[in-house]
Amino acid sequence: MSFNVVTSSFRVVRREREAGAEALRIGLIAGVAAVLFCLIGAYVALDKRDVVEGVASFAAVALAAIALVAGYTSAATANRQGRTPRRAVLLAGGAGLAVGACLALMVLATTNLGIRTILVAASPALVRALTFGTTAGSSGQIFLLLAAGFGLGAIGGALATLVPERLRRAIIRGVFVVIFAGLFRDVFFSIASNLPGGVDRMIYGSAGIRLWPAILLFAAVVAWTILRAAAGKPSAARTGGRSKLSIVLLVATVLVLPLITSDFVAQVAMLVALYMLMGMGLNIELGLAGLVDLGFVAFFAVGAYTVALLCSNGPLAIADVSFWVALPVAIVLAAVSGLVFGLPVLRVRGDYLAMATLGLGEIVRVLVLSDALAPVLGGSQGIIEIDRPVLAGISLNTPAELYYLALILAGAVAFISWRLQHARIGRAWLAIREDEDVAQALGIDPVASKLVAYSVGAAFAGAAGAVFAVLVGSVFPHSFQLLVSINVLAILVIGGLGSLPGVLVGAMVLIGLPELLREFGEFRYLFYGVALVAMMHIRPEGLWPAESTKREMADA
Amino acid sequence: MRTLDVRDLTVAYGAISAVRSASFTAAAGKITAVVGANGAGKTTVLNAISGLRDVRAGRIDMDGQDIGALPPHERVRAGIAQVPEGRRLFGRMTVAENLEIGAFVRQDRAKVRQDIERILVLFPRLKERYRQLAGTLSGGEQQMVAMGRAMMADPSVLLLDEPTMGLAPQIVDLVLEAVQAINAQGVTVLLVEQNAYRALEIADQAFVLETGEVTLSGSGEELLSHPRVRSAYLGHDA
Ligand SMILES: Nc1ncnc2c1ncn2[C@@H]1O[C@H](COP(=O)(O)OP(=O)(O)OP(=O)(O)O)[C@@H](O)[C@H]1O
Ligand SMILES: [Mg+2]
């Protein structure tokens, strides 16, 4: 707290570069970023998907955003230094121009210097993609890039200086909603296809949202935002009223989603539900008890392999029981393995715990992969032919049916988590997380409490593994990599440590969104990374922080 | 009322002994003060009693029962509570939550409610701050919460580690009066203090710790007038 005061006063004291120099600096940095974006091949890859059908591809939107942000930041700096708005906008245009110039240079170098031998992505395809109606490599293209850069920078600058705060917020929100609606065309299109009269085709083209619906949507969002602000309604986030309404909306969406969308979306939703299960498990360990666990995937594996062995028809089957028998066995085994692993590991603290659990996760993966255990666990061949669960005589086969299975489990786990959090043990976890010595001196048994956290978390992961096994119908060692543990960890951090709704939001954002953007290939991880870094700056407490975190941030 | 009896206590950090064969008694229902310079081993002694620090040798008895083998959380059930050096509240919890978690070992809900009331009577200031985050309290208020939290375990022996550290004189009075009030309820108090004069004033018994050894002991008054104490800890010429 006092520390914060110090840093913020530092910020004020720090000498700022003169606005013009700063604009140039920002412009060049943004320009280099834009060029990099193109040269790693992201532009061409992202160009395949339209945000607004036939008008703006996702790649174009990303480039435009770079110029806009450069303009916005430059103008904001100029504004702080007391420059007139006109000058600020001009400087912003300059920053945008720098971005355009960098891109123009890149196009020139690509067409004339043959840099392709070094930079594979500096291809004719890239130059073609950047023509926007002009001829590739022509002076027209160069001029267009420069002009567009200047224009976008100036618009960004105008947004920062000339547009009043309320309108600016409304516009930014409108733009984001349109991008969201265009980018996740598949989801919304499949929802809209339930409506009669071909509404779906009226709104969406084959690659993105159509122009007029996009404009209408933008206008509607802007109007609604302004009207709401004018009506004097305090922002929901501030009143905390958000929680109730958003939870209702969230639950409703979650319940009907697979029914009104495509199988593909249902499948993604299923994956999200699976990660939610794991997320809630790690939330008990890390979010509540403060135990860093990088070997979380081990328990996921225990659950999956248990169900695989018990429900498979393949050569490795040890019993051919129904999923409903195998599920509790998997959960109990995972919990027990949590206890067994926990005993030696939980006496270490902090960073060492992270390393110890990391090792544990790898041990389990190596074990299931090993030749020695291959006669039992199948080694790299895995276990196949796992029966689908049968409910009332019906085999659960479709993604939607399996989604509901995962969802019901997630609901049960959420309820248990919530009860535990508010029980005696929940308070013990909190105390241990805050100060282990003091917790002991207040009569809390740290080893026992941590063991409970560890094995409950493991049980939840085991449940997730069980569902995973029947969902895929087979298990292979490569499904149990360190990356799974890291993903679950990232979900918690993004959603907000210790927060149950945060787990849901985190899983949707980190698992759902990238899955829906599959066609962008590896480049979606670029956004994943950008999103993570941006989050840590803008909302370090997470998207839906726990009550205690919120309180702490509020008085910091 | 319980007597705390420490015999030949030795505590070491690696090769260095921070406490060497220290013996003393905190008599039942009395205030016993521990005086000593920085690094003399006062905190180490308290941590050994509460179990946060493993001991190398010695016995710690409560009413003749050896509690030296119990883990810290069970010593709380045996009746020992500690107010740690530097308060160490749960800063992200409210005053109310800090007090409630102090009663972790207790099952008697109704009695716990009553005890919270008693603490709010002892420290009326906490009533206004009841829903405030502990981390945002002033130093004096934090000390009150720390003492309240320890008292919520309903201890028979209270270990206090420099409760007046960094507090203004009026607040020091308030805190030490509270210590006497707690003691008057029948709680045995072991009080570590830098502020030797104030501690000896309210102490029934006291001893001096120097580089881990008990070098002097007697009643509070005796030590107050002892020339070595006067020169070393009270700033008077001998
Ligand atoms: N964790 C530790 N590791 C190593 N040495 C330690 C540790 N804790 C304390 N010591 C050492 O043990 C000795 C006694 O420390 P202790 O904290 O008990 O002193 P103290 O009398 O409470 O001092 P103060 O009045 O400053 O609080 C000191 O020399 C200290 O450096
Ligand atoms: Mg000390």
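Residues numbered from 1 in each chain as written. Chains lettered and ligands numbered in written order. Predicted model: local features only at pLDDT ≥ 70, side-chain atom pairs only at ≥ 80, totals over all residues. Heavy atoms only, no water.

A. Here's a closer look at the sheet that holds strand 3 (residues 31-35) of chain B. Residue and element names in this part refer to chain B. Taken together, the 6 strands give an open sheet; going across it, the order is 6-7-8-3-9-10, and neighbouring strands pair in mixed fashion. Of all the strands in the sheet, just strand 6 (80-83) and strand 10 (213-219) have a single pairing partner and so form its edges. Within this sheet the neighbouring strands show an average axis-to-axis angle of 15 degrees, counted without direction. Both strand 3 and strand 9 (residues 205-210) contribute to a ladder of 4 bridges, which runs parallel. (Pairing = 2+ DSSP bridges. Helix = DSSP H or I, 4+ residues; strand = E, 2+ residues; numbered from the N terminus. Axes fitted to C-alpha atoms, helices over the stretch in contact; angles between N-to-C directions.)

B. Expanded view of empty space enclosed by the protein. A complete count under the given rule lists 2 cavities of 30 Å³ or more for this structure. By volume, the largest cavity is sized at about 30 Å³. Contributing to the lining of the largest cavity are A:Ala441, A:Leu442, B:Val76, B:Ala81, B:Gln82, B:Gly102, B:Arg149, B:Ala150 and B:Ala153. Elements with a minimum of two residues in the lining of the largest cavity: strand 6 and helix 6 (139-151) of chain B. (1 Å grid on protein atoms, 1.4 Å probe; cavity = no way out; pocket = protein on both sides within 12 Å on 5 of 7 lines; lining within 4 Å. Points joined across faces, edges and corners; volume = space filled by probe spheres on them.)

C. Quick look at the site of ligand 1. Residue and element names in this part refer to chain B. Neighbouring ligand 1 are 14 residues, the closest being Asn38, Lys42, Thr43, Thr44 and Glu85. The separation between an oxygen atom of ligand 1 and a polar main-chain atom of Gly39 is 2.8 Å. Ala40 has a polar backbone atom sitting 3.2 Å from an oxygen atom of ligand 1. When isolated, ligand 1 has an accessible area of 630 Å², and the protein chains bury 59% of it. It is helix 1 (residues 42-50) that contributes the most residues to the shell around ligand 1, 3 residues altogether. A per-class count over the shell around ligand 1 returns 4 nonpolar, 6 polar and 4 charged. (Near = heavy atom within 4 Å. Polar contact = N/O pair within 3.5 Å; in protein donor to acceptor, adjacent residues only side chain to side chain. Areas by Shrake-Rupley, 256 points an atom, 1.4 Å probe, with all protein chains shown as cover. Nonpolar A, V, L, I, M, F, W, Y, C, P; charged D, E, K, R; others polar.)

D. Just unusual backbone geometry, in detail. Residues and elements named next belong to chain B. Of note in this structure, Ser21 is not a glycine but carries a positive phi near 45 degrees. Inspection of the secondary structure puts Ser21 in strand 2 (residues 16-26). Despite not being glycine, Glu162 shows a phi value in the positive range, around 45 degrees.

E. Fine view of the domain arrangement of chain A. Residue and element names in this part refer to chain A. When the domains of chain A are assigned, the result is domain 1 (17-162), domain 2 (166-230) and domain 3 (263-555). Between the C-alpha centres of domain 1 and domain 2 the distance comes to 25 Å. Here domain 1 and domain 2 share an interface that buries about 1,100 Å² over both sides, 62% of which is from carbon and sulfur atoms. Together, Arg49, Val51 and Glu53 form the three largest contributors to the area buried by domain 1 at its contact with domain 2, with a combined 46%. On the surface where domain 1 and domain 2 come into contact, there are 0 salt bridges. If you look at where domain 1 meets domain 2, you find 8 residue pairs in polar contact (both at pLDDT 80 or more). (Domains from an automatic or database assignment. Buried area = accessible area lost by both parts, 1.4 Å probe. Salt bridge = Lys/Arg side-chain N within 4 Å of Asp/Glu carboxyl O.)

F. Structural view of the coordination of the magnesium ion (ligand 2). At 1.9 to 2.8 Å from the magnesium ion (ligand 2) lie its protein donor atoms, namely B:Thr43 (OG1), B:Glu85 (OE) and B:Glu85 (OE). Taken as a pair, B:Thr43 in helix 1 and B:Glu85 in the loop between strand 6 and helix 3 (95-102) lie far apart in primary sequence, 42 residues in all. (Donors = N, O, S within 2.8 Å, 3.2 Å for Na, K, Ca; no water.)

G. Broad picture of the sheet that holds strand 1 (residues 4-13) of chain B. Residue and element names in this part refer to chain B. Taken in spatial order, the 4 strands make up an open sheet running 2-1-4-5, and their pairing is antiparallel. The sheet is open, and its two borders are formed by strand 2 and strand 5 (65-66), each paired with just one other strand. The pairing of strand 1 with strand 2 spans 7 bridges and is classified as antiparallel. Bridge pairing in strand 2 links Asp5 to Thr25. Along the sheet, helix 1 contacts strand 1, strand 2 and strand 4 (57-62); its crossing angle with strand 1, the most-contacted strand, is approximately 115 degrees. (Contact = heavy atoms within 4.5 Å.)

H. Broad picture of the side chain of A:Ser190. Residues and elements named next belong to chain A. Within the element layout of this structure, Ser190 appears in helix 9 (residues 185-192). Exposure remark for Ser190: the relative accessible area of 9% places this residue in the buried category. Ignoring any residue separated from it by four or fewer positions in sequence, one finds Ser190 in contact with Arg185, Ile260, Thr261, Ser262 and Val265. (Buried < 20%, exposed > 50% of the residue type's maximum accessible area, 1.4 Å probe, protein only.)

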